[in-house]
Each structure stands twice: as C-alpha cells, then as structure tokens.
Amino acid sequence: MLGHTIRSLRKARRWVSSKNLTSRVGVERAAARESVDCMVIGAGAVGIAVARELALKGREVVVVESASTFGTGTSSRNSEVIHAGIYYPRNSLKAVFCVRGRELLYQYCSEHEVPHKQIGKLIVATKSSEVPKLNDLMIRGIENGVDGLRMMEGFEAMEMEPELQCVKALFSPVSGIVDSHSLMLSLVWISPPMWVQGEAENHGATFCYNTTVIGGHIEGNRICLHISESKDLENWDGKFPLHPQVILMPKLVVNSAGLSAPALAKRFDGLNSIVIPAAQYARGCYFVLSKMKAPFKHLIYPIPEDGGLGVHVTLDLDGQIKFGPDVEWIKNVDDISSFLNKFDYSVCARRAERFYPEIRKYYPNLKDDSLEPGYAGIRPKLSGAQQPASDFVIQGEDIHGVPGLVNLFGIESPGLTSSMAIAEHIVARYLR
C-alpha cells in the first residue's frame with residue numbers, strides 16, 4: 001500500500017524523489033527518502049481542514065492517516081454540536097477559534113449543502129445554588145463575542161421545552177448541530193449533490209490511509225518523519241525496534257494526530273521533550289433514548305462538571321435524542337495503541353445506571369429502561385481530574401525551535417467547531 005502510494009505520487013510529480021539512503025544511526029534497514037511540500041499527520045476534522053486550507057493556497061499536501069479512512073477517532077465520536085463559544089476564558093484559543101470557527105462552519109455547510117441545523121441551546125440551572133455559575137457563563141459568553149445570549153427564568157425555558165425542569169436557563173440561539181461525517185466527506189472526497197472531487201483533493205491534497213508516522217528526527221534545520229504501513233504496527237511484537245519504510249522531509253508538517261499527537265511528538269528525536277505536554281485521556285459514553293417520543297427540540301446542557309460539560313441532551317438531524325458524555329479517566333495508554341486508535345469504545349449497558357439520576361435533574365419524566373447504549377469517544381485532554389481545563393496548544397518554531405513543525409495538542413471540544421478557524425490560523429501564521 002505505501003509503496004503503491006509513493007509510486008503514484010511520484011508519477012503525479014507531487015513528491016520530489018531522491019536516492020535511497022540509510023535512515024540514520026540506529027536504524028539498520030535502508031529507507032527511501034522523499035522531499036514533500038506540506039504534510040498533515042491525521043485525517044480528523046482539524047487535519048482535513050488544515051489540508052484543505054493549505055491546498056487552497058496552492059500548496060501540494062500529503063495527509064497521512066493510520067486508519068483505513070478519515071475521521072475514525074474523536075471527530076466521529078462526539079456530540080456533533082456546533083458550539084457558540086460560551087464556556088472558554090476570554091482571549092483563549094478555544095474562545096477565539098470557536099467563535100470564528102462557528103461562523104466559518106455555518107457558512108461552509110450552507111454553501112456546500114452539508115446537513116446542519118441551528119437549533120439553539122439551553123444551559124440550565126436545576127437548583128438555586130447553580131444560578132451564579134449560570135450568570136458567570138453569560139458574562140463569559142458576552143466577553144467572547146457570542147451574539148444573542150439571553151437569561152431566562154425557569155418558567156420561560158419550560159414554556160420552550162415543556163419536559164424540562166429548571167430554575168433558570170441561559171439561551172444560546174447560535175448553537176447548532178452538524179453531520180460530522182458529511183462535513184468531512186465534503187472536505188475530503190465528494191461534495192453533494194454534484195458528486196465531484198472534494199475540496200481538499202480537488203486542490204492538490206493526497207490522502208494516504210493505512211499509513212502511520214512512527215517517529216522522526218531533526219536533521220540540520222529540517223524534520224524528517226519516519227513512515228510505515230499501519231499493518232506493520234499491527235503485527236509488531238515489541239521485541240525489535242520499529243523501522244521506517246520511508247522517510248519524508250516536508251517543508252511544513254502539521255502534527256494533527258489528535259489522541260496520539262503528544263506521544264508522536266515525543267518520538268521526534270531532537271525535539272525538546274520539555275515543551276510536549278502530558279496527554280490525558282477522558283473516555284465518555286453516550287446513551288440513546290428509546291421507547292419514548294423525543295422530548296426536546298433544543299440542545300439541553302447542565303452546568304459544566306469536572307472534565308466536561310456534563311451529561312447533556314443532543315439531537316441528531318433526524319431528531320434522535322442522545323445523552324452524554326460522562327467522564328472516565330484512562331491511564332497507561334501505550335504509544336502504539338494511541339497511534340492505531342486501539343481504545344476501548346464499547347459501552348456497557350450497566351453504565352446507564354449512572355446516567356438516570358443525572359438526566360432526571362433536568363428531565364424528571366425520563367422512564368426506567370429507556371436508555372440504550374449508543375457509542376463512546378475519547379477526548380484528547382491536557383488537564384486531568386480536578387485540574388482547571390486546559391486551552392488548545394499550537395506550537396510552532398517560536399516554541400520548540402524546529403523550522404516547519406507545527407504541533408497541535410489538546411484539540412478536544414470545541415475542536416470540531418473550531419476546525420476551520422484553526423486551519424485559517426495555521427496557514428496565516430506558519431505557511432512560508
């Protein structure tokens with residue numbers, strides 16, 4: 001697969017080839033070395049958006065993804081919410097990129113007929129002690145430039161949503177939902193209804209699936225990336241060092257590997273490990289409402305909790321109600337498991353027992369046995385349990401000293417909403 005990809009790209013004149021050389025000291029097997037223009041590691045929503053933005057600037061882009069297709073990790077295992085930008089500290093990257101990204105996302109979805117809907121969100125206080133936190137959220141949202149926020153008395157919110165129970169609510173009319181798979185499909189592959197080549201590929205991006213970046217090294221003032229087929233990692237027994245099949249030398253590389261981004265950066269020999277934050281993994285499960293008519297038309301969120309935004313109500317574009325996610329901290333994740341997305345995504349039906357009391361705080365009419373296992377996702381966090389929430393981290397040469405390397409760490413929620421704004425920022429700041 002990897003050899004075929006290399007030959008195809010050479011034929012297309014997208015890679016500049018050079019003679020085969022020994023990869024470096026300590027790597028016994030010779031590996032082909034290839035110079036590339038721009039490279040993106042990871043074909044999640046953010047990686048795809050970055051590839052599209054680079055391609056639109058006329059650059060040749062190679063996207064390397066360890067899975068068999070795009071968007072198999074965090075990008076497809078989330079609430080699919082278009083966030084307004086309420087929760088995040090003023091002038092933080094999350095706040096700035098969420099507000100800008102929301103504008104770009106709504107515009108793109110409208111222009112490219114990506115399924116989405118601006119349905120609005122109610123953040124609810126279910127007891128009087130939560131009202132000050134709700135007031136703080138409104139102040140923060142206004143500071144971040146979120147339009148249309150309105151504080152409601154409980155009876156007003158319950159008139160909007162008769163099944164809701166709360167003492168006060170903050171209404172965000174600009175929040176919405178999006179079909180994340182259709183969004184990524186439009187960006188990468190095809191754009192309905194015309195069934196033409198997608199935005200990124202149509203402008204010169206090449207996607208290499210089943211291909212994994214296993215490490216790299218700094219050579220002079222340039223980063224060299226070690227590439228192998230994913231099946232080699234699947235079969236690796238750990239007894240011998242991993243050897244790259246190809247070494248790629250990009251002018252610009254964006255490490256958008258999501259869950260594995262910190263682990264990968266630590267495998268870049270010559271990169272100061274002090275600047276690489278420790279990865280924290282928060283697993284979250286979702287349950288689907290069954291046997292009941294959909295009780296809500298808006299997103300319903302409780303006051304945020306440690307590690308997340310609380311077990312909230314989201315809807316898909318067909319009106320199906322789902323609740324989640326909860327928070328379960330995961331420890332001792334090895335590099336290869338993170339590279340290949342070998343996380344446990346199963347949802348234990350018994351976990352619903354923890355959901356019922358949380359949901360009934362704002363939806364008291366939830367019936368027993370009405371929750372069925374949905375799906376699970378992992379959030380790539382930089383802060384752990386009982387720690388203040390971390391901001392997005394975007395590192396360029398000014399931080400780590402390596403020309404042409406951009407690391408993206410901790411791109412959790414609102415990463416999907418922020419994806420196009422992150423891409424816009426990277427191209428504006430780091431493209432030479």
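Computed from a predicted model, the values in this text were never measured in an experiment. (Residues numbered from 1 in each chain as written. Predicted model: local features only at pLDDT ≥ 70, side-chain atom pairs only at ≥ 80, totals over all residues. Heavy atoms only, no water.)

A. Looking closely at the environment of Leu264. Among the secondary structure elements, Leu264 is positioned in helix H9 (residues 261-265). For the pair Leu264 and Ile336, spaced 72 residues apart in the sequence, the C-alpha separation amounts to 9.6 Å. In contact with Leu264, not counting residues within four places along its chain, are Ile41, Val213, Ile214, Gly215, Asn255, Ala257 and Phe339. (Helix = DSSP H or I, 4+ residues; strand = E, 2+ residues; numbered from the N terminus. Contact = heavy atoms within 4.5 Å.)

B. Molecular detail of the pattern of salt bridges. For the structure on display, the rule yields 18 salt bridges. Notably, a salt bridge pairs Glu53 with Arg52, separated by 3.8 Å at the nearest N-O pair. Note on Glu53: relative accessible area 16%, which makes it buried. Where Lys94 meets Glu412, a salt bridge forms, and the shortest distance between an N and an O atom there is 3.0 Å. Placement of the pair is Lys94 in helix H3 (residues 93-112) and Glu412 in the loop between strand S25 (405-409) and helix H13 (415-430), with a sequence separation of 318 residues. (Salt bridge = Lys/Arg side-chain N within 4 Å of Asp/Glu carboxyl O. Buried < 20%, exposed > 50% of the residue type's maximum accessible area, 1.4 Å probe, protein only.)

C. Broad picture of the packing of aromatic side chains. In the structure shown here, the tally under the stated rule is eight aromatic pairs. With centroids separated by 5.6 Å and ring planes inclined at 50°, the aromatic side chains of Tyr281 and Phe343 adopt a geometry described as tilted. In this pair, Tyr281 is assigned in strand S18 (residues 280-289) and Phe343 in the loop between helix H10 (335-339) and helix H11 (352-359), connecting sequence segments 62 residues apart. Phe343 carries the same exposure label as Tyr281, and that label is buried. Above the plane of the ring of Tyr345 lies Arg77, whose end atom (NZ or CZ) is 3.9 Å from the centre. (Phe/Tyr/Trp six-rings, centres within 6.5 Å; stacked < 30°, edge-to-face > 60°. Lys NZ or Arg CZ within 6 Å of the ring centre and 35° of its normal.)

D. Representation of the nonpolar core within the structure. Of all hydrophobic cores here, the largest spans 53 residues; its most connected members are Phe323, Tyr362 and Leu371. With near-sequence residues (within four places) excluded, Leu371 lies in contact with Phe287, Val288, Leu289, Phe323, Ala352, Phe355, Tyr356, Ile359 and Leu366. Listed in part, the 47 residues of the second largest apolar core include Val46, Ala49, Val63 and Phe392. (Core = buried A, V, L, I, M, F, W, Y, C linked by side-chain atoms within 4.5 Å.)

E. Representation of H13 within the structure. In a regular helix each residue adds 1.5 Å, so 16 residues correspond to 22 Å; H13 covers only 19 Å between its end C-alpha atoms and thus falls short of that length. The largest bend along H13 reaches roughly 35° and is located at Ala421. Among the 16 residues in H13, 12 count as buried, and that is most of the element. Of all the positions in H13, only Gly415, Leu416, Thr417, Ser418, Ser419, Met420, Ala421, Ile422, Ala423, Ile426, Val427 and Tyr430 are classed as buried. (Expected span 1.5 Å × (residues − 1). Bend = angle between axes of the 7 residues up to and from the residue.)

F. Spotlight on the sheet that holds strand S6 (residues 116-117). One open sheet holds the three strands; their spatial order is S5-S10-S6, and the pairing between them is antiparallel. The open sheet has two edge strands with one neighbour each: strand S5 (81-82) and S6. Sheet topology places S6 next to strand S10 (residues 176-178); two bridges connect them, and they run antiparallel. Among the inter-strand pairings, His116 is bridged to a residue of S10, identified as Val178. (Pairing = 2+ DSSP bridges.)

G. View of the pairing of strand S21 (residues 321-324). The alternating pattern of S21 places Ile321 and Phe323 on one face and Lys322 and Gly324 on the opposite face, and all of these are buried. Pairing of strand S20 (residues 312-315) with S21, which is carried by four bridges, proceeds in the antiparallel orientation. Within the sheet, the bridge partner assigned to Leu315 lies in S21 and is Ile321. The turn joining S20 and S21, which pair antiparallel and follow one another in sequence, is formed by five residues; a positive phi near 90° is taken by Gly319.

H. Fine view of the pairing of strand S4 (residues 61-64). Burial along S4 is two-sided: Val61 and Val63 facing one way and Val62 and Val64 facing the other are all buried. Across four bridges, S4 lies against strand S13 (residues 205-208) in parallel orientation. Directly across from Val63, in S13, lies its bridge partner Phe207.

I. Structural detail: the environment of Glu397. Along the chain, the position of Glu397 falls in helix H12 (residues 397-400). Residue Glu397 is classed as partly exposed on the basis of its relative accessible area of 43%. Residues Glu397 and Asn407 lie 10 residues apart in sequence; the distance between their C-alpha atoms is 9.6 Å. The contacts of Glu397, once residues within four sequence positions are left out, are Val402, Pro403 and Leu405.

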